[in-house]
Amino acid sequence: MSRSAHPAGPRHGDVLPEGHYAAPPEDLNALDPKVWARTVVRGEAAEGGALQVGGLDVRALAEEYGTPAFILDEADFRARCRAWREAFASERPGSEGADVYYAGKAFLCRAVVRWLHEEGLSLDVCSGGELAVALAAGMPPERIAFHGNNKTRHELEQAVKAGVGHVVVDSYEEIARLAWAAQQFGVRQRVLIRVTVGVEAHTHEFIATAHEDQKFGLSLTGGQAAEAVRRVLNLDSLELAGIHSHIGSQIFDTAGFEVAARRVVGLLAEIRDEHGVELPEIDLGGGLGIAYTSEDDPREPAEIARSLADIVRRECVAADLTPPRLSVEPGRAIVGPTAFTLYEVGTVKPLEGLRTYVSVDGGMSDNIRTALYDADYSVALASRRSAAEPMLSRVVGKHCESGDIVVRDAFLPADTAPGDLLAVPATGAYCRSMASNYNHALRPPVVAVLDGTSRVLVRRETEEDLLRLDVGH
Ligand code: LLP
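This is a predicted model, so every value here is computed, not measured.

A. The pattern of salt bridges, seen in detail. The full count for this structure, using the stated rule, is 29 salt bridges. The partner of aspartate 57 in a salt bridge is arginine 59, with the nearest N and O atoms 2.7 Å apart. The class of arginine 59 is partly exposed, set by a relative accessible area of 33%. Linked by salt bridges that have partners in common, Glu74, Arg78, Arg82, Glu118, Glu119 and Arg455 make up one network.

B. Structural detail: empty space enclosed by the protein. Enumeration over the complete set of coordinates arrives at 2 cavities of 30 Å³ or more. One number sums up the size of the largest cavity: a volume of about 40 Å³. Around the largest cavity, the lining residues are Phe70, Leu72, Phe107, Ala339, Thr427, Gly428, Arg432 and Val446. Here the lining of the largest cavity is composed, by residue class, of 5 nonpolar, 2 polar and 1 charged.

C. Structural view of the site of the ligand. With respect to spatial proximity, 19 residues lie near the ligand, and among them Gly287, Glu329, Arg332, Arg369 and Tyr430 are the closest. Between the ligand and lysine 105 there is a distance of 3.3 Å, counted from an oxygen atom to a side-chain nitrogen or oxygen. Contacts to the ligand include tyrosine 430, whose side-chain N or O atom sits 2.6 Å from an oxygen atom. For the ligand, whose unbound accessible area comes to 580 Å², protein coverage reaches 88%. A class-by-class count of the residues in the shell around the ligand yields 6 nonpolar, 7 polar and 6 charged. In this structure, the shell around the ligand is formed jointly by two domains, domain 1 (3–66 + 337–469) and domain 2 (74–330), each of which donates at least three residues.

D. Main features of the pairing of strand 5 (residues 98–103). Summarising burial for strand 5: 6 of the 6 residues are buried, a large majority. Examined bridge by bridge, strand 5 and strand 6 (residues 122–125) share 3 bridges and lie parallel to one another. Each residue of the ladder has a partner; that of tyrosine 102, found in strand 6, is leucine 123. Tracing the backbone out of strand 5, into helix 3 (residues 110–118) and back to the parallel element strand 6 gives a crossover that is right-handed.

E. Region of the structure containing the packing of helix 7 (residues 224–233) against helix 8 (residues 255–275). Orientation of helix 7 relative to helix 8, taken along the N-to-C sense of each, is 50 degrees, at an axis distance of 11 Å. Taken together, the axis directions place helix 7 and helix 8 in an arrangement best described as oblique. Crossing hand, helix 7 versus helix 8: right-handed. In this structure, helix 7 uses Ala225, Val229, Arg230 and Leu233 to contact helix 8, whose residues at the interface are Leu267, Ile271, Glu274 and His275.

F. Representation of the domain arrangement of the protein chain in the model. According to the domain assignment, the protein chain contains domain 1 (3–66 + 337–469) and domain 2 (74–330). For domain 1 versus domain 2, the distance between C-alpha centres works out to 34 Å. Listed per partner, the contact involves 27 residues of domain 1 and 21 residues of domain 2. Of the roughly 2,200 Å² buried where domain 1 meets domain 2, counting both sides, 59% is carbon and sulfur surface. Applying the counting criterion to the domain 1 and domain 2 interface returns 3 salt bridges. Where lysine 34 meets aspartate 297, a salt bridge forms, and the shortest distance between an N and an O atom there is 3.7 Å. Summed over the shared surface of domain 1 and domain 2, the result is 11 residue pairs in polar contact (both at pLDDT 80 or more). For the side of domain 1 that touches domain 2, the elements supplying multiple residues, two or more each, are strand 20 (446–450) and strand 21 (453–458). Broken down by element, the residue count for the side of domain 1 that touches domain 2 peaks at 4 residues, all from strand 20.

Cut-offs and rules
Residues numbered from 1 in each chain as written. Predicted model: local features only at pLDDT ≥ 70, side-chain atom pairs only at ≥ 80, totals over all residues. Heavy atoms only, no water. Salt bridge = Lys/Arg side-chain N within 4 Å of Asp/Glu carboxyl O. Buried < 20%, exposed > 50% of the residue type's maximum accessible area, 1.4 Å probe, protein only. 1 Å grid on protein atoms, 1.4 Å probe; cavity = no way out; pocket = protein on both sides within 12 Å on 5 of 7 lines; lining within 4 Å. Points joined across faces, edges and corners; volume = space filled by probe spheres on them. Nonpolar A, V, L, I, M, F, W, Y, C, P; charged D, E, K, R; others polar. Near = heavy atom within 4 Å. Polar contact = N/O pair within 3.5 Å; in protein donor to acceptor, adjacent residues only side chain to side chain. Areas by Shrake-Rupley, 256 points an atom, 1.4 Å probe, with all protein chains shown as cover. Domains from an automatic or database assignment. Helix = DSSP H or I, 4+ residues; strand = E, 2+ residues; numbered from the N terminus. Pairing = 2+ DSSP bridges. Right-handed = clockwise from strand over helix to strand, strands pointing away. Axes fitted to C-alpha atoms, helices over the stretch in contact; angles between N-to-C directions. Parallel < 35°, antiparallel > 145°, perpendicular 65-115°, else oblique. Left-handed = near helix turned anticlockwise from the far one by under 90°. Contact = heavy atoms within 4.5 Å. Buried area = accessible area lost by both parts, 1.4 Å probe.

Here it is as structure tokens:
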């Protein structure tokens, strides 16, 4: 295996091409705990200095499971579940308590459902498929909330029949369809109404689902939310439990949530005034940001819980309302930091005066977020320690597109070479769950590690899996 440097690539101190990295990190072997799962460490230099997770060497994991692979730190996942649950349990705005719903769209499989159940979390699903996985793994249906802006009749029936705790309704049509489905099954379905609170997108660039001009929710200012409340209250087969708001994703600042909480509590007061009922629940959605690079500064669950509970409490006191039960739905903030993607380097191509393209054995089929959202990621040489100088790099995949970029701007050691393993941290959320078979790529496995042991949660796809869907004539 060649360990030669690539002299054509820019070096520390050169004028860099476009990209936001002003300078390489001081120590390329160091691991910023903000972006790595909790049990990840770099091994002793004498043993090669490879990364370890859950007490296991990534070289052994690559050997056993192949690459690319998502490696998930179970202890970290469980610790984050507990941190969220405890934060909200101790910061509930009223005597009614508070719930944490994990947003399954970030990543869901049966083992994860069982962990959530064991750690006392509830689950938000947004499709019949996610519901099926949740039920198959034994999640109590009353702890499931069903979301979506266009749930099919079949999905609504599936949800009602299963006995899900809440259906979060998103349109007038759905209210009618759900009422009918509930009537067929002879049940009174609890619902939340998803409202658009009108938080302007410019308050934060990532707050993108609470402004008016998009498909989700029923508008507060336009009166559709109030009309939805009237309709639900008039239907015997539906029980209006409360109001739901989700303002967007990868948000670091709680100001948007505070505005949302204020407006949702305002609606509760209007409902009390118009209908004489105090709704017992509000759900402020998910969207809490995580660190993808050292530049990101996420807040702790306890701090988030405190500020949300405070604002709800304060607004309720002002409106003379009993504080409702508060729910949140973090997806990324729980699973995102708990996994990294392990890749093997296949080619290293220095481009004079630009950067070095390091190709790995995955790409946009296992991480579409860089191409789709211009997301930033970090990367580390995982199979060994290196004393080589930093080399401005772009980590790219093996797909037939020049936009197939995994990490747009990164410094890797200049001796990075084919056969090396790279690890891209913070890929637990929206990577495996948004993975595709583009170019008939085989979607990577998800391997859990815990206390020196590893096991496959979701196996690697095979060519047989691909051919099984192709009827062949
Ligand atoms: N609740 C609702 C109603 C949601 O729509 C979402 C995310 C969540 C909770 C969880 O949000 P989180 O805490 O994970 O940010 N594919 C995009 C993210 C789309 C999120 C859609 N809804 C990404 O990769 O960034």
